[in-house]
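Residue strings, one per chain:
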Amino acid sequence: MVPACVNGRYRLKEKIGSGAYGEVYHASDIIGDGDVVVKLQCITGSTTSLEHEYNVLKQLGDTVGIPHVHWFGREDNYDALVLDRLGQSLESVFKTYQHSFSRNTIVFIAHQLVCRLQYIHSKHFIHCDLKPDNILIGTGKDAHKIYLVDFGISKQYRYPCTHLHIAFEQTTSLTGTPAFTSINSHAGMELGCCDDIESLAYLLIYLFRGSLPWLHCSGISDEQVVEMKYNMTKLCQDLPEEVEQILTYSRSLSFDQKPDYTFLCRLLQRINSTSESCQQDHVPDWSTISPAPCKTPIGNADSTMPRRSHRLKVQAFSPCPMYSLCSNRCPRTVRK
Ligand SMILES: Nc1ncnc2c1ncn2[C@@H]1O[C@H](COP(=O)(O)OP(=O)(O)OP(=O)(O)O)[C@@H](O)[C@H]1O
Ligand SMILES: [Mg+2]
């Protein structure tokens, strides 16, 4: 049974999400008189991924687009992380808009995500699970802000004092969510900043196309997903050329290379400047216009996002020949 109240202060209300490791509840702060969310994870070992998430958030500190931590601790048999209550996930907003955002809105989202990743990377962490469910919008006057959440599998990729990069290792497991993770992650390789950028590229494609070709193909294997991910021309067909450039760039980065965030922002800006409407007002669709009537996304009739990441440790396949040709990573890694 989950606790009714956490830290004698946060009273749990309805459940708003559940993931691979825990559950997320709305809660009211009966002392501070505000709304928060409580992430709960049942304690089975000495530490939980929630405790890891708390430690990451603590090191990231309070900044734009990262949820503020109110409290972390143990309640009954659960670890509890109390966070600012944010708005809907990008996935649910996208669904409300029939999987069709304006070009400006897509660029607006992607631009903020580049800034979030740049910040996280500057604090020595990689997110490792960038996807629409882990991106939330703000509420009220912050409805135009894009937040990155779920740092449960984030990883410190370099040593804070020396900036020495962690060593590269090859393992047999995938990190993140197959639909949005990098090709190297499918092959069980240690992730670096480049892999967050590659996930961002898939997210961009997802937002432009309304779906991804490998979503909702029942029985599709990891190998088939990877083959589709390799086929950049097909993947980026009919999309602004900058999208393919971003994907190509992410794959050209080596394991320990620092991404050029300014270059990424410039490419995004170019998508906007070539847009017919050419609005530069940076107001997302959800702040101004009602959801559009139903539209079939490019290349996929069923645009519903599959539930949940296979977030950790699924068996990786041996790298295919295409992989070996394209990879420019050094052949070593470390895994969580
Ligand atoms: N601060 C928040 N404010 C509002 N909603 C939130 C917040 N944090 C999480 N959520 C909701 O709960 C969902 C799950 O949160 P999160 O991804 O952090 O948990 P998780 O258990 O790690 O989930 P998963 O394993 O599915 O990734 C989010 O997609 C979002 O809808
Ligand atoms: Mg999540």
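The coordinates are above.
Let us look at the structure shown here. These numbers were taken from a predicted model, which means no experiment stands behind them.

The rules behind these values
- Residues numbered from 1 in each chain as written.
- Chains lettered and ligands numbered in written order.
- Predicted model: local features only at pLDDT ≥ 70, side-chain atom pairs only at ≥ 80, totals over all residues.
- Helix = DSSP H or I, 4+ residues; strand = E, 2+ residues; numbered from the N terminus.
- Buried ≥ 20, exposed ≤ 12 C-beta atoms within 10 Å, placed from the backbone.
- Contact = placed C-beta atoms within 7 Å.
- Near = placed C-beta within 6 Å.
- Pairing = 2+ DSSP bridges.
- Axes fitted to C-alpha atoms, helices over the stretch in contact; angles between N-to-C directions.
- Parallel < 35°, antiparallel > 145°, perpendicular 65-115°, else oblique.
- Left-handed = near helix turned anticlockwise from the far one by under 90°.
- Nonpolar A, V, L, I, M, F, W, Y, C, P; charged D, E, K, R; others polar.

### Let's talk about the overall build of the protein chain
Inference 1: Assigned secondary structure in the protein chain consists of 11 helices and 10 strands.
Inference 2: Scored against the burial criterion, the 336 residues of the protein chain give a buried share of 43%.
Inference 3: Taking contacts inside the protein chain between residues at least 6 apart in sequence as the whole, the part at least 24 apart equals 70%.

### Brief notes about the site of ligand 1
Inference 1: Taken together, 23 residues lie near ligand 1, and G17, G19, V24, L86 and D150 sit nearest.
Inference 2: When contributions to the shell around ligand 1 are tallied by element, the ones reaching two or more residues are β2 (10-18) and β6 (78-84).

### Considering unusual backbone geometry
For residues other than glycine, phi is negative in most cases, and the peptide bonds are mostly trans.
Inference 1: Phi at D33 takes a positive value of approximately 60°, unusual for a residue other than glycine.
Inference 2: With respect to the helices, strands and loops of the structure, D33 is situated in the loop between β3 (23-29) and β4 (34-42).
Inference 3: Backbone geometry places H163, a non-glycine residue, at a positive phi of 60°.
Inference 4: Structurally, H163 is set in the loop between β10 (155-156) and α4 (183-186).

### Remarks on the sheet that holds strand β1 (residues 5-6)
Inference 1: What the six strands build is an open sheet, ordered β1-β2-β3-β4-β6-β5; its pairing is antiparallel. Edge positions in the sheet fall to β1 and β5 (69-75), since each has one partner strand and no second.
Inference 2: Of the strand pairs in this sheet, β5 and β6 are connected by six bridges, and their pairing is antiparallel. Across the sheet, residue W71 finds its bridge partner in β6, namely V82.

### A word on the packing of helix α8 (residues 241-252) against helix α9 (residues 261-273)
Inference 1: Packing of α8 against α9 brings their axes to within 9 Å, and their N-to-C directions diverge by 165°. In terms of axis orientation, α8 runs roughly antiparallel to α9. Pair α8 / α9 crosses with left-handed handedness. Side by side, α8 and α9 meet where E242, Q245 and I246 of the first sit next to L264, L267, L268, R270 and I271 of the second.
Inference 2: Class assignment for the residues of the contact of α8 with α9 results in five nonpolar, one polar and two charged.

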